[in-house]
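# Examination of the molecular architecture
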Amino acid sequence: DMGEVNANRRQLYERRIFLVMMVGICFLLRCSEHIESPKTGTLVQPVRRSQITFFDQRGQRIKYCEVGRIKARQVTINIPFSKRDRSGHGRKTSHSRQEENRDICIVCLLEEWIVITRDQYGAKEDSALYEVPTFGKLRLAHLTEIMCRTVEACGVNKSKVKATSHSLRYGGATMLAAAGYPQYLIAIYGGWSENSKSLPIYTKISTEMVDTVSRNMVRVAKGNPSERFLMDLMA
């Protein structure tokens, strides 16, 4: 049935786009690390399936052929080269399974993507992450177009906001900052250097976070350990 085939392909296309966005946000990937583009150099290539490692409940690596058959507890993406990486070792970024929110859990999404594209389409371990046999590659222009449509659908004036694949990277940094995580941890996840000038722009402290900091400082200050500390200082 061609109608069913086309529907399945459309569903896979939509799944791929959603996965691209989630991977970009969760792993704070640069464009060159994320997806193939005309500007991609020889030192940096889009992430491949072989760079993604799943681990089971005991922390043991799950082989590519066993992904989905053995439930993954954690996933790690290894970026072998990073734009600002002075050591040349790249970076490894991990996320743990969030079963209660599996529809947006990056471990579950990557696991399901590997299973579907491997078992139904024959995608190999050495293939690019978003590449699917007989389905074509995902181009940067496609992602940029969808990002722009998403911004427009959200009611944002597209003349004031330019959405690109890089929006996913700094969007992830902004989300981590809003959740209260320190800048050094965000830098580790995104591979920013210690003296990065762009990271502070992405991680401005929100009003909600200021309120949270103030509330927690008052709460801790009212505790006995803090009182003893202050008394010791005055003594």
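Structure's up top.
Residues numbered from 1 in each chain as written. Predicted model: local features only at pLDDT ≥ 70, side-chain atom pairs only at ≥ 80, totals over all residues. Heavy atoms only, no water.

The subject of this paragraph is the overall build of the protein. The helix and strand inventory of the protein stands at nine helices and four strands. Each helix and strand of the protein, ordered N terminal to C terminal, gives the series α-α-β-β-β-β-α-α-α-α-α-α-α. Of the contacts formed within the protein by residues at least 6 apart in sequence, a portion of 59% connects residues at least 24 apart. Within the structure as shown, the protein displays about 14600 Å² of accessible surface, and the carbon and sulfur contribution to it stands at 55%. (Helix = DSSP H or I, 4+ residues; strand = E, 2+ residues; numbered from the N terminus. Contact = heavy atoms within 4.5 Å. Areas by Shrake-Rupley, 256 points an atom, 1.4 Å probe, with all protein chains shown as cover.)

So, about the pairing of strand 1 (residues 52-55). When strand 1 meets strand 3 (residues 74-79), the two strands line up antiparallel, connected through four bridges. The residue bridging Phe54 from the neighbouring strand is Val75, located in strand 3. When strand 1 meets strand 2 (residues 61-62), the two strands line up antiparallel, connected through two bridges. Within strand 2, the residue paired with Phe55 across the bridge is Arg61. (Pairing = 2+ DSSP bridges.)

In the sheet, strand 3 pairs with strand 4 (residues 91-96) via six bridges, with the strands oriented antiparallel. Along strand 4, the bridge assignment pairs Ile77 with Thr93.

Phi angles above zero are rare outside glycine, and Leu28 is one such case at about 50°. Relative to the helices and strands, Leu28 is located in the loop between helix 1 (2-26) and helix 2 (31-34). On the accessibility criterion, Leu28 (1% relative accessible area) is buried. Backbone geometry places Thr134, a non-glycine residue, at a positive phi of 65°. With respect to the helices, strands and loops of the structure, Thr134 is situated in the loop between helix 3 (106-119) and helix 4 (140-153). (Buried < 20%, exposed > 50% of the residue type's maximum accessible area, 1.4 Å probe, protein only.)

Our focus in this paragraph is the nonpolar core. Val23, Phe27, Phe54, Ile106 and Leu110 are the most contacted members of the largest nonpolar core, which totals 43 residues. Broken down by secondary-structure element, the contributors of at least two residues to this core are helix 1, strand 1, strand 3, helix 3 and helix 4. Counting eight residues, the second largest nonpolar core, distinct from the first, contains Ala173, Ile186, Ala187 and Trp192. (Core = buried A, V, L, I, M, F, W, Y, C linked by side-chain atoms within 4.5 Å.)

Another aspect to go through is helix 6 (residues 183-190). Turn by turn, an α-helix covers 3.6 residues, leaving residues three or four places apart pointing in a common direction. Residues Ile186, Ala187 and Gly190 constitute the buried set of helix 6. The arc that holds the buried residues of helix 6, viewed along the axis, is 105°, so those residues lie on one side. Among the structural elements, strand 4, helix 5 (166-178) and helix 7 (199-202) are those in contact with the buried residues of helix 6. (Arc of directions from axis to C-beta.)

Attention now moves to the sheet that holds strand 4. A sheet is described by the order of its strands in space; here four strands give the open sequence 2-1-3-4, paired in antiparallel fashion. Either end of the sheet is taken by a strand with one partner, and the two such strands are strand 2 and strand 4.

One pass over the structure, following the stated rule, counts zero aromatic pairs. Cation over ring: Arg169 sits above Trp192, and NZ or CZ is 3.8 Å from the ring centre. (Phe/Tyr/Trp six-rings, centres within 6.5 Å; stacked < 30°, edge-to-face > 60°. Lys NZ or Arg CZ within 6 Å of the ring centre and 35° of its normal.)

Here the focus is helix 3. Helix length check: helix 3 (14 residues) gives 20 Å between terminal C-alpha atoms against 20 Å at 1.5 Å per residue, within 8%. Counted residue by residue, helix 3 has 11 buried out of 14 residues, so it is predominantly covered. Regarding helix 3, the residues found buried are Ile106, Val107, Cys108, Leu109, Leu110, Glu111, Trp113, Ile114, Ile116, Thr117 and Arg118. (Expected span 1.5 Å × (residues − 1).)

Another point: the side chain of Arg97. Structurally, the position occupied by Arg97 is in the loop between strand 4 and helix 3. Engagement of the side chain of Arg97 in a polar contact is seen with the side chain of Glu99, the distance being 2.6 Å. Leaving out residues up to four positions away in the same chain, Arg97 has contacts with Lys71, Ala72, Arg73, Arg102, Cys105, Val107, Cys108 and Glu111. (Polar contact = N/O pair within 3.5 Å; in protein donor to acceptor, adjacent residues only side chain to side chain.)

Right, let's get into the pattern of salt bridges. Applying the stated criterion across every chain, the model contains 14 salt bridges. The partner of Glu14 in a salt bridge is Arg10, and the shortest N-O contact between them spans 3.2 Å. Here the residue Glu14 and the residue Arg10 both occupy positions in helix 1, the gap between them amounting to four residues, near one helical turn. By relative accessible area, which is 43% here, Glu14 ends up partly exposed. With its nearest N and O atoms 2.6 Å apart, the salt bridge here joins Asp119 to Arg118. Residue Arg118 is classed as buried on the basis of its relative accessible area, which comes to 11%. The structure contains a network of salt bridges with shared partners spanning Arg15, Lys71, Arg97, Glu99, Arg102, Glu111 and Glu112. (Salt bridge = Lys/Arg side-chain N within 4 Å of Asp/Glu carboxyl O.)

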